[in-house]
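Commentary on secondary and tertiary structure
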Amino acid sequence: MSQTDTVSRILDAAEILFAERGFTETSLRTITSTAGVNLAAVNYHFGSKKELIQAVFERFLTPFTQALAVELDRRVATGEPLTVEDLLSSIYQVAIGSLVRRGRDPQRFMRLLGLAYTQYQGHLRRFIVSRYGDSYRRFAGLLAQALPGLDPVTFYWRLYFMLGATIFTLSSFDAIEAILREDFGAESSLQETLERLVPAASAMLKVNG
């Protein structure tokens, strides 16, 4: 087994197990057993469980932030003022598109993102801020420009209210869509759901009061 294959198997196993069980509940032994490698392989390639968690997020976030930068450059180059809806549509489409193109599961990533907030991982927040802080600040800055007059604390909370709604909706999409079919006899694709999510999330950011 090549080193690249070993790393991929460890990351695949960690991604699935972390999303299913959480970070604290998943041991390195469980990951290595699932991946079919020995414990020394994790220590050799990643150094620690914390660094393995960071690597799982890096595999999602690096292509996402790169694609988002291209999309924002494209929109800014038009010279047209960007609306809240423009920005949310961009980030949703880029996030899902970058994951699907690389064969990654969008729902799994959203579950991992939710866990990053509900299971406090200080090292992970520091890693994300140091590695992807510029991308976040650019997007948040454009969003703040589209919401003139909103004070920073209110903007902060509304941003996290919107993020929470987004993570819940997308991480639970299969279950929510199943309820829709059972209760209403209707179906909704992920793309259709994103289109419905944009105005709802936008309203959370723009509501008066």
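Our structure is the block above this text.
Residues numbered from 1 in each chain as written. Predicted model: local features only at pLDDT ≥ 70, side-chain atom pairs only at ≥ 80, totals over all residues. Heavy atoms only, no water.

1. Structural notes on the nonpolar core
Judged by nonpolar contacts, the single largest core of 59 residues is most densely connected at Ile10, Phe18, Ile31, Leu52, Phe57, Tyr92 and Leu143. No other element matches helix α4 (residues 49-77), which puts 10 residues into this core. Aside from chain neighbours lying at most four places away, what touches Leu52 is Ile10, Leu11, Ala14, Phe18, Leu28, Ile31, Val42 and Phe46. (Core = buried A, V, L, I, M, F, W, Y, C linked by side-chain atoms within 4.5 Å. Buried < 20%, exposed > 50% of the residue type's maximum accessible area, 1.4 Å probe, protein only. Helix = DSSP H or I, 4+ residues; strand = E, 2+ residues; numbered from the N terminus. Contact = heavy atoms within 4.5 Å.)

2. Brief notes about the environment of Glu177
Tracing the backbone shows Glu177 in helix α9 (residues 173-184). Taking relative accessible area as the criterion, Glu177 reaches 10% and is therefore assigned buried. A sequence separation of 37 residues divides Glu177 from Ala140, and the C-alpha atoms of the two residues are 30 Å apart. Of note is the side chain of Glu177, whose polar atom sits 3.1 Å from the backbone nitrogen of Ser188. (Polar contact = N/O pair within 3.5 Å; in protein donor to acceptor, adjacent residues only side chain to side chain.)

3. Digging into helix α6 (residues 106-118)
Taking 1.5 Å per residue as the helical rise, α6 with its 13 residues ought to reach 18 Å, and the 18 Å between its terminal C-alpha atoms agrees with that figure. Taking the backbone nitrogen of Gln107 as reference, a side-chain oxygen 3.0 Å away marks Asp105 as the first, capping residue of α6. (Expected span 1.5 Å × (residues − 1).)

4. As for the side chain of Thr65
Secondary-structure assignment places Thr65 in helix α4. At a separation of 3.1 Å, a polar atom in the side chain of Thr65 contacts the main-chain carbonyl oxygen of Thr62. Not counting residues within four places of it along the chain, the set of residues in contact with Thr65 comprises Tyr132 and Ser135.

5. Describing the packing of aromatic side chains
As enumerated under the stated definition, the model contains nine aromatic pairs in all. Considering the side-chain rings of Phe60 and Phe109, the 4.6 Å spacing of their centres and the 35° angle between planes classify their relative orientation as tilted. You can see Phe60 sitting in helix α4 and its partner Phe109 sitting in helix α6, a full 49 residues away along the chain. In this structure, Phe60 and Phe109 share a single accessibility class: buried. The positively charged end of Arg104 is found above the aromatic ring belonging to Phe60, 5.7 Å away from the centroid. (Phe/Tyr/Trp six-rings, centres within 6.5 Å; stacked < 30°, edge-to-face > 60°. Lys NZ or Arg CZ within 6 Å of the ring centre and 35° of its normal.)

6. A few points about helix α10 (residues 190-206)
Its 17 residues give α10 an end-to-end C-alpha distance of 24 Å, which sits within 8% of 24 Å, the value for a rise of 1.5 Å per residue. Maximal helix bending in α10 amounts to about 25°, located at Leu197; proline Pro199 follows within four positions. For α10, the set of buried residues is Thr193, Leu194, Leu197, Val198, Ala201, Ser202 and Leu205. Considering only its buried residues, α10 is in contact with α5 (84-101), α7 (122-145), α8 (152-171) and α9. (Bend = angle between axes of the 7 residues up to and from the residue.)

7. So, the pattern of salt bridges
Counted by the stated rule, this structure contains 14 salt bridges. As a salt-bridge pair, Glu15 and Arg59 come within 3.0 Å of each other at their nearest N and O atoms. Placement of the pair is Glu15 in helix α1 (residues 3-21) and Arg59 in helix α4, with a sequence separation of 44 residues. Residue classification places Glu15 among the buried positions, given a relative accessible area of 1%. A relative accessible area of 15% means that Arg59 is categorised as buried. For the salt bridge of Asp73 with Arg138, the shortest nitrogen-to-oxygen distance reads 2.8 Å. Here Arg138 lies in helix α7 and Asp73 lies in helix α4, a separation of 65 residues in the sequence. Exposure remark for Asp73: the relative accessible area of 43% places this residue in the partly exposed category. (Salt bridge = Lys/Arg side-chain N within 4 Å of Asp/Glu carboxyl O.)

8. Things to note about the packing of α6 against α8
Relative orientation of the contacting elements α6 and α8 amounts to 140°, with a least axis distance of 8 Å. Classed by the angle they form, the pair α6 and α8 counts as oblique. Handedness of the crossing formed by α6 with α8: left-handed. Contacts between α6 and α8 involve Gln107, Met110, Arg111, Leu113, Gly114 and Tyr117 from the former and Tyr160, Leu163, Ile167, Leu170 and Ser171 from the latter. (Axes fitted to C-alpha atoms, helices over the stretch in contact; angles between N-to-C directions. Parallel < 35°, antiparallel > 145°, perpendicular 65-115°, else oblique. Left-handed = near helix turned anticlockwise from the far one by under 90°.)

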